[in-house]
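# Reading the structure
What follows is each chain in one-letter form.
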Amino acid sequence: MSSLAEAKQKNEWVEWGKAIVIAIILAFLLRTFIFATSIVEGDSMDPTLQDGERVIFNKFVYMIDEPERGDIVIIHRPEKNYVKRVIGLPGETIEIRNHKLYINNELHDQTFLTEDAKNHTGSFGPITIPEGRYFVMGDNRSISKDSRNGLGFIMDDEIIGKSEFVFYPFSEIAKTR
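Below is a summary of the structure that appears in this document. Remember, it's a predicted structure, so these values are computed and weren't measured experimentally.

Conventions adopted
- Residues numbered from 1 in each chain as written.
- Predicted model: local features only at pLDDT ≥ 70, side-chain atom pairs only at ≥ 80, totals over all residues.
- Heavy atoms only, no water.
- Pairing = 2+ DSSP bridges.
- Helix = DSSP H or I, 4+ residues; strand = E, 2+ residues; numbered from the N terminus.
- Axes fitted to C-alpha atoms, helices over the stretch in contact; angles between N-to-C directions.
- Polar contact = N/O pair within 3.5 Å; in protein donor to acceptor, adjacent residues only side chain to side chain.
- Contact = heavy atoms within 4.5 Å.

## Some points on the sheet that holds strand 7 (residues 106–108)
Strand order in the open sheet made by the 4 strands is 7-6-5-8, with antiparallel pairing throughout. The strands lining the two open edges of the sheet, one partner per strand, are strand 7 and strand 8 (124–128). The average angle at which neighbouring strand axes cross in this sheet is 25°, direction not considered. Strand direction decides the pairing type here: strand 5 (residues 93–97) and strand 6 (residues 100–103), joined by 4 bridges, are antiparallel. Within strand 6, the residue paired with Ile96 across the bridge is Leu101.

## Comments concerning the side chain of Ser144
By secondary structure assignment, the location of Ser144 is in the loop between strand 9 (133–137) and strand 10 (154–155). A polar side-chain atom of Ser144 sits 3.2 Å from a polar atom in the side chain of Lys84. Of note is the side chain of Ser144, whose polar atom sits 3.0 Å from the side chain of Asp146. Ser144 has contacts with Ser44, Lys84, Met137, Gly138 and Asn149, leaving out every residue within four places of it along the chain.

Given below as structure tokens:
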């Protein structure tokens, strides 16, 4: 084999090596700062999200913006991550009476809930959300551990991302709502 052919082959291996290193670095950066995955544990978000489903969540969105009412968020706690829906924003007053949600004394329609879930939402509040905190609940209100009964108010820095897509099981691939 001539030295020209050897040099060409060596150059090709160097180029492949560079491409692989760049791909690994990009994957690391995307996973660290942009997107990650989480597994839904339990039935607290049923029927929106099912136990065992895997979701892709957007980590970047809350670096430049704040959570909005209705967002399905990933909450990081030392013992585990939780998947819940943002119901109340900082400074708002939340109350649930007669199975209906009131925010600042105005009735708020929860179109993402089934009638059964609405009817299993017990009374709560009124309670005012402190600044820099959020009020979250699961969509399966009768069994959800959330801001009403164990998680308390959620701090800004505990919300690590917004759920974007269910990617597993493959038969359930969809954008989260």
